[in-house]
Amino acid sequence: MTPEPIQTSPELSVRDLACARGERLLFKGMNFTVKAGELLLVQGGNGQGKTSLLRLLTGLARPEDGMVLWCGKPINKNREDFHAQMIYLGHANGVKDDLNPVENLRFAEGLQGRPFEAARAVSILERLGLGRCLDLPCRVLSFGQRRRVALSALLLADARLWILDEPLTGLDIHAVALMEGLIRDHLTGGGMVVATTHQALNLEGVNVQRLLVGNVAIPELA
Amino acid sequence: MHRFLLAVLRRDLTLAARRRGDWLIAQFFFVMVASLFPLGVGPEPEMLARIGPGVLWVAATLASLLSLSRLFADDHHDGSLEHMVLSPEPTVLLVLGKSLAHWLIYCIPLLLIAPVLGIQFNLPWDAIWVLEISLLLGTPILSLLGSVGAALTLGLRGGGVLLTLLILPLYVPALIFGAGAVDGVMSGTGGQAHLSLLGAFMVLSLMIAPWIAAAALRVSLE
């Protein structure tokens, strides 16, 4: 479950990052570093550039200026290594409606170039409360259940860095509590998490950095 | 690397097997377009044999275009395309796998239907045989070049129509050499030269198209 012990301490850092959407500059001169065991909570109002920042961190989008570094190397020079250790969960789940949860996980693993361990996938799905939906196509699952399938893929991937865009959307209180526990476990195991959320999180004992994107102040969370 | 390619291939084939309706539409379209011509130009056997190769090739081109707009669009819509692009494996392999899957799903059935339609157009057996070889060599070009168009028009409104306008001119060489080979056999000059050029064009698209499509995909996702 937990990532292997760390040999070289990996870190994600950002230097003088600037992001523009069309003509509008969302932010510039952004600097931060996320080390093993740390959670970076990205906060800001709607349309302030939280999702844009996360997409820059994954390498899906190119920054206007500055760079994103993984273990000290720019991610576009180090793409293979970075993507092998990073997993991204965006607004869309990346879950195929025509496949059942197990098949979804099988292909998610295959697309990461890893062999598929069926027993482990099933145990993760059961842990996330999907034990009764294993052979149903995801089309018939509820919004929250599909989100849970996406979170199972996150756990199965066993990546060092999680980049989560609103991971709690559509989850009920049990799943939110479960997710808090999973994030805590991941961080204790030496993982890193970058997440945006509008919901309050119970993060006692977690090393949290907060980053405010944009200029609209929002009330303190958690 | 081959595991990734296989995973992409198996995934697209499974999804196609779950949605047979989409698959049948392309095949019916091929049959319908090819069958309208005898009704339009009259039933004289000599006339039908004259236009047959060209009509079948145009119909095959249009039928493969019909499914191309969804090559990446479905995966883009549910977020799985982002996951695939963020895989540590090269995006070129992803495009290659998806083009190959498109060819297997949508073009191989055309190859199986074409002889029947050839009889409908009163083509002699040796011409039907060359038609099959020309389709076998030529249809991968449609899938490969089509992937470039599908990647470029990803996420655009009215992308399907734009894709048709962008890609059809690129299909012209395949059409000329493909239909030309069958004409050559029927007029007695032989189809060898046309088939060789068609093969060369196929190899050329195989070498170039996945790279362009991968670059286009990254731009479209940004």
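Within each chain, residue numbers correspond to sequence positions counted from 1 in written order. Working convention: letters from A go to chains and numbers from 1 go to ligands, in the order in which they are written. With the structure being a predicted model, the display of local features is reserved for residues of pLDDT at least 70 and the display and counting of side-chain atom pairs for 80 or more, all residues being used for whole-chain, interface and lining totals.

Asks: Could you clarify how one ought to interpret the overall build of chain A in this entry?
Replies: Helix and strand assignments follow DSSP, with helices taken as H or I runs no shorter than four residues and strands as E runs no shorter than two, numbered in order from the N terminus. Helices and strands together make up the secondary structure of chain A, namely six helices and nine strands. The globule rule is 2.2 Å times the number of residues to the power 0.38, and the radius of gyration it is compared with is taken over C-alpha atoms. Computed over C-alpha atoms, the radius of gyration of chain A comes to 17 Å, within 12% of the 17 Å expected from 2.2 N^0.38 for 222 residues, which places it in the range of a compact globule. Projected onto the principal axes, the alpha-carbon positions of chain A cover approximately 50 × 35 × 35 Å. Looking at chain A residue by residue over its 222 residues, the buried ones come to 43%. Here exposure depends only on C-beta density: within 10 Å of a residue's C-beta, 20 or more other C-beta atoms make it buried, 12 or fewer make it exposed, and intermediate numbers make it partly exposed, the C-beta atoms being placed from the backbone.

Asks: Any chance you could explain the packing of helix H3 (residues 101–111) of chain A against helix H5 (residues 143–157) of chain A here in plain terms?
Replies: Two numbers describe a pair of packed helices, the interaxial angle and the distance between the axes. Residue and element names in this part refer to chain A. Geometry is summarised by axes, namely lines fitted to C-alpha atoms with helices restricted to the contacting stretch, and by angles between N-to-C directions that run from 0 to 180 degrees. Where H3 meets H5, the axes come as close as 10 Å, and the angle between the chain directions of the two elements is 40°. Judged on the interaxial angle alone, H5 and H3 are oblique. Classified by chirality, the crossing of H5 by H3 is right-handed. On the side of H3, the interface is formed by Pro101, Asn104, Leu105, Ala108 and Glu109, while H5 contributes Val149, Ser152, Ala153 and Leu156. An angle counts as roughly parallel when it lies under 35 degrees, as roughly antiparallel when it exceeds 145, as roughly perpendicular when it falls between 65 and 115, and as oblique in every other case. Should the near helix be turned counterclockwise from the far one by less than a right angle, the crossing is left-handed, whereas a clockwise turn marks it as right-handed. A pair of residues counts as a contact when their C-beta atoms, built from backbone coordinates, are separated by no more than 7 Å.

Asks: Honestly, the pairing of strand S6 (residues 86–89) of chain A in this entry has me stumped. Any pointers?
Replies: The side chains of a regular strand alternate, first on one face of the sheet and then on the other. Residue and element names in this part refer to chain A. Burial along S6 is two-sided: Met86 and Tyr88 facing one way and Ile87 and Leu89 facing the other are all buried. Note on pairing: DSSP must find at least two bridges between two strands before they are called paired. Pairing of S6 with strand S7 (residues 161–165) involves four bridges; the strand directions are parallel. Bridge pairing links Met86 to Leu161 in S7.

Asks: Explain the sheet that holds strand S1 (residues 11–21) of chain A here, please?
Replies: Pairing between sheet strands relies on hydrogen bonds along the backbone, with the strands arranged either parallel or antiparallel. Residue and element names in this part refer to chain A. Sheet architecture is open: four strands sit in the order S2-S1-S4-S5, paired in antiparallel fashion. The open sheet has two edge strands, strand S2 (24–35) and strand S5 (73–74), and neither has a second partner. In this sheet, strand S4 (residues 65–70) lies alongside S1 in antiparallel orientation, the contact comprising five bridges. Looking at the pairing, Ala18 lines up with Asp65 of S4. Sheet strands in contact with helix H1 (residues 50–58) are S1, S2 and S4, and its direction is about 130° off that of S1.

Asks: Sorry if this is basic, but what is going on with the interface of chain B and chain A here?
Replies: Many structure descriptions define interface size as the accessible area lost when the parts assemble. Of the residues lining the interface, 21 residues belong to chain B; the matching set on chain A comes to 22 residues. Charged residues are taken to be Asp, Glu, Lys and Arg, nonpolar residues to be Ala, Val, Leu, Ile, Met, Phe, Trp, Tyr, Cys and Pro, and polar residues to be all remaining types, Gly included. Taken together, the residues of the side of chain B that touches chain A sort by class into eight nonpolar, five polar and eight charged.

Asks: Please explain helix H9 (residues 192–221) of chain B as it appears in this structure.
Replies: One full turn of an α-helix is made of 3.6 residues, so residues set three or four places apart face in the same direction. All names here are of chain B. Compared with an ideal rise of 1.5 Å per residue, which puts 30 residues at 44 Å, H9 spans 42 Å between its outermost C-alpha atoms and is within 8% of the ideal. The angle between axes fitted to the seven residues ending at a residue and the seven residues starting there is what we call the bend at that residue. Within H9, the axis deviates most sharply at Ile208, by approximately 30°, and proline Pro210 lies no more than four positions further along. Within the sequence span of H9, burial applies to His194, Leu195, Leu198, Phe201, Met202, Ser205, Ala209, Pro210, Ala213, Ala214, Ala216 and Leu217. Contacts from the buried residues of H9 go to helix H4 (70–77), helix H5 (80–85), helix H6 (91–120), helix H7 (125–152) and helix H8 (159–187). In a helix, the anticipated span is given by 1.5 Å times the number of residues less one.

Asks: Mind showing me how you'd approach the nonpolar core here?
Replies: Counting 126 residues, the largest nonpolar core has A:Ile163, A:Val193, A:Val194, B:Leu56, B:Leu131, B:Ala151 and B:Leu217 as the members making the most contacts within it. Setting aside chain neighbours within four positions, we find B:Leu217 in contact with B:Phe72, B:Val85, B:Thr91, B:Val95, B:Ala151 and B:Leu154. Think of a nonpolar core as buried Ala, Val, Leu, Ile, Met, Phe, Trp, Tyr and Cys residues, each tied to the set through C-beta atoms within 7 Å.

Asks: For this particular structure, what's the right way to read the sheet that holds strand S9 (residues 207–212) of chain A?
Replies: Residue and element names in this part refer to chain A. Pairing is parallel in the open sheet, where five strands are placed in the order S6-S7-S8-S3-S9. What marks the edges here is a single partner per strand, and that holds for S6 and S9. Each adjacent strand pair in this sheet contributes to an overall mean axis angle of 15°, direction not counted. Pairing between strand S3 (residues 38–43) and strand S8 (residues 192–196): four bridges, direction parallel. Bridging from a neighbouring strand, Val42 pairs with Thr196 of S8.

Asks: Would you explain the confidence of the model for chain B in this entry?
Replies: Low-pLDDT portions of the prediction should not be read for the details of their coordinates. Looking at chain B as a whole, the pLDDT averages 90, with 100% of positions reaching at least 70. Per the prediction output, this complex has pTM 0.88; the corresponding ipTM is 0.84. Confidence per residue, as judged by the predictor, is encoded in pLDDT with a range of 0 to 100.

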